[in-house]
Amino acid sequence: MANRNNSRPIGRELDLEAQRRRAAFLFLAPMIIALFCVAAWPLLRTIYFSFTNTSLTDLYGGEWIGFDNYLRRRELSSGRVVWRGTLADPAWWNAVWNTVRFSVISVFFETVLGLIVALVLNAEFKGRGWVRAAILIPWAIPTIVSAKMWAWMLNDQFGIINDIFIKLGLIERGIAWTASIDTAMTAVLVVDIWKTTPFMALLCLAGLQMIPRDIYEAARIDGVHPVKVFWKITLPLVRPALMVAVIFRMLDALRIFDLIYVLTPNSKATKTMSVISRENLIDFDKFAYGSAQSTLLFAIIAVFVSLYIWLGRVNLSGEGNR
Amino acid sequence: MNRSAADWVRLSAFYALVAIIIVVSIFPFYYAILTSLKSGTAIFRVDYIPVDFSFKNYATVMTGRNFIRSVVNSVLVAGTTVLFALFLAVTASYALSRVRFRGRALLLVTILGVSMFPQIAVLAGLFELVRFLGIYNTPWAMVLSYTIFTLPFTVWVLTTFMRDLPIEIEEAAIIDGATPWVIITKVFMPLLWPALVTTGLLAFIGAWNEFLFALTFTISETQRTVPVAIALLSGASEQEIPWGPIMAASVIVTIPLVVLVLIFQRKIVAGLTAGGVKG
């Protein structure tokens, strides 16, 4: 850059820079407008709706009611005080608990299993390409389709999973995996882990492949035990990639909707924040109430992301390392 | 135990793990194909290897209940969404990767933030927008709403890709007096093809699989996309779930995806990890 500056008048150079910057804003404008229309504006409207009593059938007829959808104190004629609103709604807190439980457990297993699969794929062996192709299949299958496939496999009377378990002598009678309160969450977790571990594995693999091979070579020559190599070399070096992968997955898990909607419809044991919000928004005609719930979900996720970025010092923009 | 025996144990344990990974990955899809080929009461008998080869379920799916219409809807919606996102993303990524301006890092993080949005948070607002624009229960409602996840993703991946292109090419073009538009269309586009194929494919898969918006913004059966059609496929009565046709429909919509993914394996893996790790 520097020697080019010398060979040409400064004025023209500045001109060029200004022209480039103008063009840049022109190029960015359509994308920013598009994102504003589909993301920022609807989000603001959702938040606004949550402070009104808008109904699905009359979107413009709502009145401002303040925080009533969130929490409202009401005194009955008998003098007893009751609390209403989402924050006093046991169904909402059940959904919060379900979502948190689902997210933490699924992401934990996906990370561990993903790392194992990635370590396998990182080894040199015959047929590695086949394994990679095979693990891409669960990832490629649409969520709704995998939910249906597993619903059939987990069927209480004709499902193959029950058949396998009975033949192995693990259970005596078929279990209603998706319908029973006790097992519905397990069923959802199994399907989600099955579907998403490949994604985690690929992200982990990319991280593993950035580790220089000679480090392993040196460790091998020094006679370091493989387990120690994993904990002292592989894991610390793959940690940055793993951190990003975990946050991506966590955010995805916190907003889960489709799998649960199809696999365990109306089960109290698996109803998550997204599911209960949509139910109120669309199905129960409690549009404003559902808006309040989805606003809360957004707030929870926003707080979580800020905390994670702040605590983990995750460099998401990728500018620093260049 | 001597050394070679220990090696042998280790090797067979490793291959056992490989076998488990492959079987667990493939089995559910294999079982769906197996089930879809059964007819009548054979479906209620558990088989581990295919014994029936009847295409009756496929015929049922293809002839009835607007299934073909749903496939066409899905192709149209996903295709339009991808073209739209790529067009907006190419120009934006050029600006984000090549021009230094204040607030660039913040803008990038904001874009990433949008892709991480809980989609339910915009559902109420989008519902109002869709109603306002008069596109409720049309494919355009999906094209509009899918922009929220396809655009940030394509911008993000293309920006990381363009950052890695050598700066000299662009400098040569600038010296020759090329405008930014010419640089994008004539210099960058030919180099960008691989990245465009990857991001386009991933965005297509994302749009093809989307469920929440498609379920909420359509009401009539003829406007449904494939995931909604499969989720709501019902039998003659409420209690009777038509597993055979559901599996056939599942196989029909999954096979093209699996084939695409296997063909573009390397590109997809590169694209996925560029969006995640490198970013």
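Right above here is the structure, for reference.
All figures in this text were calculated on a predicted structure; none of them were measured in a lab. (Residues numbered from 1 in each chain as written. Chains lettered and ligands numbered in written order. Predicted model: local features only at pLDDT ≥ 70, side-chain atom pairs only at ≥ 80, totals over all residues. Heavy atoms only, no water.)

Undergrad: Sorry, what's going on with the overall build of chain A here?
TA: Helix and strand counts for chain A stand at twelve helices and two strands. For chain A, the α and β elements follow one another from N to C terminus as α-α-β-β-α-α-α-α-α-α-α-α-α-α. Along the three orthogonal principal directions, the C-alpha set of chain A runs to about 85 × 75 × 35 Å. Considering only contacts in chain A between residues 6 or more positions apart, those separated by 24 or more positions represent 60%. Carbon and sulfur atoms provide 63% of the accessible area of chain A, an area that totals close to 16,000 Å². Here chain A contributes 33 positively and 24 negatively charged side chains, and the mean placements of these two sets differ by 4 Å. (Helix = DSSP H or I, 4+ residues; strand = E, 2+ residues; numbered from the N terminus. Contact = heavy atoms within 4.5 Å. Areas by Shrake-Rupley, 256 points an atom, 1.4 Å probe, with all protein chains shown as cover. Lys, Arg positive; Asp, Glu negative; His and termini not counted. Charge placed at Lys NZ, Arg CZ, Asp CG, Glu CD.)

Undergrad: Can you help me understand the overall build of chain B in this one?
TA: Along the backbone of chain B there are twelve helices and zero strands. Secondary structure elements of chain B occur, N-terminal to C-terminal, as α-α-α-α-α-α-α-α-α-α-α-α. Over its C-alpha atoms, taken along the principal directions, chain B stretches across nearly 75 × 75 × 30 Å. A buried classification covers 55% of the 279 residues belonging to chain B. Excluding contacts between residues fewer than 6 apart, the proportion of contacts in chain B whose partners are at least 24 apart in sequence is 72%. Per element, the accessible surface of chain B, about 12,000 Å² overall, is 70% carbon and sulfur. Averaged over its 18 positive side-chain charges, chain B has a centre that lies 3 Å from the centre of its 13 negative ones. (Buried < 20%, exposed > 50% of the residue type's maximum accessible area, 1.4 Å probe, protein only.)

Undergrad: How do you make sense of unusual backbone geometry when you look at a structure like this?
TA: As a rule of thumb, non-glycine residues mostly have phi less than zero, and peptide bonds are mostly trans rather than cis. Notably, A:Asn266 is not glycine yet its phi reads approximately 65°, a positive angle. Turning to its location among the elements, A:Asn266 is positioned in the loop between helix H10 (258-263) and helix H11 (273-283). With a phi close to 65°, B:Asn137 is a non-glycine residue in the positive phi region. Relative to the helices and strands, B:Asn137 is located in the loop between helix H5 (120-133) and helix H6 (139-163). For B:Asn137, a relative accessible area of 17% corresponds to the buried category.

Undergrad: Help me understand a nonpolar patch on the surface, please; the structure alone is not making it clear to me.
TA: A cluster of nonpolar side chains, contributed by A:Trp97, A:Val100, A:Val104, A:Ile105, A:Phe108, A:Phe109, A:Val112, A:Leu113, A:Ile116 and B:Leu17, occupies part of the molecular surface with about 830 Å² of accessible area. In terms of residue count, the dominant contributor to the nonpolar patch is helix H3 (residues 90-122) of chain A (nine residues). Among the secondary structure elements, B:Leu17 is positioned in helix H1 (residues 3-36). The exposure class assigned to B:Leu17 is partly exposed, which follows from its relative accessible area of 32%. (Patch = residues over 30% accessible without salt bridge, like charges linked within 9 Å, V, L, I, M, F, W, Y side chains within 5 Å. Salt bridge = Lys/Arg side-chain N within 4 Å of Asp/Glu carboxyl O.)

Undergrad: Help me understand the interface of chain B and chain A, please; the structure alone is not making it clear to me.
TA: The figure often quoted for interface size is the accessible area lost as the parts come together. The interface of chain B with chain A comprises 104 residues on the first partner and 95 residues on the second. For the chain B and chain A pair, buried surface summed over both sides reaches about 8,900 Å², with 76% attributable to carbon and sulfur atoms. The residue A:Arg45 makes a salt bridge to B:Glu128 at a minimum N-O spacing of 2.7 Å. Here the side of chain B that touches chain A is composed, by residue class, of 75 nonpolar, 17 polar and twelve charged. (Buried area = accessible area lost by both parts, 1.4 Å probe. Nonpolar A, V, L, I, M, F, W, Y, C, P; charged D, E, K, R; others polar.)

Undergrad: I'm lost on the pattern of salt bridges in this one. Help?
TA: Pairing between side chains of opposite charge can happen when their charged atoms approach one another. Evaluated as defined, the whole model comprises 14 salt bridges over all chains. Between A:Glu110 and A:Arg249 there is a salt bridge; the shortest N-O distance is 2.9 Å. Here A:Glu110 is found in helix H3, whereas its partner A:Arg249 is found in helix H9 (residues 226-254), with 139 residues between them in sequence. In this structure, A:Glu110 and A:Arg249 share a single accessibility class: buried. As a salt-bridge pair, B:Arg10 and B:Asp7 come within 3.8 Å of each other at their nearest N and O atoms. Residue B:Arg10 and its partner B:Asp7 are located together in helix H1, separated by three residues, close to a single helical turn.

Undergrad: So what exactly am I meant to see when it comes to the packing of helix H5 (residues 143-153) of chain A against helix H11 (residues 243-263) of chain B here?
TA: Relative placement of two packed helices is described by the angle separating their axes and the distance separating the axes. Axis separation between H5(A) and H11(B) bottoms out at 10 Å; the angle between their running directions is 145°. Crossing angle aside, the handedness with which H5(A) passes H11(B) is left-handed. On the side of H5(A), the interface is formed by A:Val145, A:Lys148, A:Met149, A:Ala151 and A:Trp152, while H11(B) contributes B:Trp243, B:Ile246, B:Met247, B:Ser250, B:Val253 and B:Thr254. (Axes fitted to C-alpha atoms, helices over the stretch in contact; angles between N-to-C directions. Left-handed = near helix turned anticlockwise from the far one by under 90°.)

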